[in-house]
Amino acid sequence: MIHQLYPQVFHNYQYELNKDMHIAAAHFIPHEKAGKCANMHGHIYTVNITVAGDELDDAGFLVNFQKLKEIVHDKLDHTLMNDHQDWFNDQNSNDFPTSEVIARKIYETVQAYLDTMPNKPKCLQVFVRETPTSYVVYRPKVGER
């Protein structure tokens, strides 16, 4: 069980859903500024996805927890992040699998799925903890959510 406090997003939606997951994965950052992180190494990432909205679907869900797990955990768990060419591209230094980019890519994937739902929930933030002492929060700018 995950016991974690996450930064809060203030919003006016009636419902807020949070999905926690652990993702065991390896990565490396092929850049001169990466230091030791240029070598392949692994983490057990702690990920929290915050989704909010005013309307539930016909089953009474804002979004099904299992679907969030499927589109994020099932894609990344026990993989080498660098192998996900649809998410990370070594040709663009902004697309290395850093925690910042991982958080943004999770957001983009989740929001793309949410955009297909009739009740139109919104992903408000993605929290990615790489180590016990280091984490990233990605939030879209207010006008984008």
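Keep in mind that this is a model prediction, so the values were computed, not measured.

1. Some points on the UniProt feature "binding site: Zn(2+)" (unreviewed entry) in the chain
Inference 1: Per the UniProt record, "binding site: Zn(2+)" (unreviewed entry) is annotated on His27, His41 and His43. Maximum C-alpha separation among the annotated residues is 8.3 Å over a sequence range of 17 residues, consistent with a single clustered spot.
Inference 2: When you line up the elements, histidine 27 lands in strand β1 (residues 15-27).
Inference 3: Taking relative accessible area as the criterion, histidine 27 reaches 1% and is therefore assigned buried.

2. What about the UniProt feature "active site" (unreviewed entry) in the chain?
Inference 1: Taking the UniProt record as the reference, the feature "active site" (unreviewed entry) is found at Cys37, His78 and Glu130.
Inference 2: Structurally, the position occupied by histidine 78 is in the loop between α2 (73-76) and β3 (79-80).
Inference 3: Tracing the backbone shows glutamate 130 in strand β4 (residues 122-131).
Inference 4: Excluding anything up to four places from it in sequence, glutamate 130 contacts His27, His43, Ile44, Tyr45 and Ser99.

3. Section: the nonpolar core
Inference 1: Grouped together as the largest cluster of nonpolar side chains are 29 residues, with contacts concentrated most on Val47, Ile49, Val51, Val72, Ile106 and Val110.
Inference 2: Within the residue set of this core, elements represented by two or more residues are β1, β2 (41-53), α1 (65-71), α3 (99-114) and β4.
Inference 3: Per element, the largest residue contribution to this core is seven residues, and it comes from α3.
Inference 4: If near-sequence neighbours (up to four positions away) are discounted, valine 72 is found in contact with Met21, Ile23, Ile49, Ile106 and Val110.

4. Quick look at α3
Inference 1: In a regular helix each residue adds 1.5 Å, so 16 residues correspond to 22 Å; α3 covers 22 Å between its end C-alpha atoms and thus fits that length.
Inference 2: Looking only at α3, the buried set comprises Ser99, Val101, Ile102, Ala103, Arg104, Lys105, Ile106, Tyr107, Val110, Gln111 and Leu114.

5. So, the packing of aromatic side chains
Inference 1: On inspection of all chains with the given rule, the structure shows four aromatic pairs.
Inference 2: Centroid distance tryptophan 87 to phenylalanine 88: 6.0 Å. Interplanar angle 75°. Geometry classified as edge-to-face.
Inference 3: Through a chain of ring-to-ring contacts, the aromatic side chains of Tyr6, Phe127 and Tyr135 assemble into a single cluster.

6. Digging into the pairing of β4
Inference 1: Burial runs high along β4: eight of the 10 residues are buried.
Inference 2: In terms of strand pairing, β2 meets β4 through seven bridges, oriented antiparallel. Counted as the bridge partner of asparagine 48 is phenylalanine 127 from β4.
Inference 3: Of the pairings in the sheet, the one linking β4 to strand β5 (residues 134-138) comprises five bridges and is antiparallel in character. By the bridge assignment, valine 126 is partnered in β5 with tyrosine 138.

7. Thoughts on unusual backbone geometry
Inference 1: One non-glycine residue, histidine 78, adopts positive backbone phi at about 60°.
Inference 2: With a relative accessible area of 67%, histidine 78 lands in the exposed category.

8. Notes on the sheet that holds β4
Inference 1: The five strands are arranged β3-β1-β2-β4-β5 in an open sheet whose pairing can be described as mixed. Every other strand in the sheet has two partners, leaving β3 and β5 as the edge strands with one partner each.
Inference 2: Strands in contact with α3 are β2, β4 and β5; relative to β4, the strand with the most contacts, it is inclined by about 150°.

What counts and how
Residues numbered from 1 in each chain as written. Predicted model: local features only at pLDDT ≥ 70, side-chain atom pairs only at ≥ 80, totals over all residues. Heavy atoms only, no water. UniProt positions renumbered as here; feature names shortened; annotations may be inferred. Helix = DSSP H or I, 4+ residues; strand = E, 2+ residues; numbered from the N terminus. Buried < 20%, exposed > 50% of the residue type's maximum accessible area, 1.4 Å probe, protein only. Contact = heavy atoms within 4.5 Å. Core = buried A, V, L, I, M, F, W, Y, C linked by side-chain atoms within 4.5 Å. Expected span 1.5 Å × (residues − 1). Phe/Tyr/Trp six-rings, centres within 6.5 Å; stacked < 30°, edge-to-face > 60°. Pairing = 2+ DSSP bridges. Axes fitted to C-alpha atoms, helices over the stretch in contact; angles between N-to-C directions.

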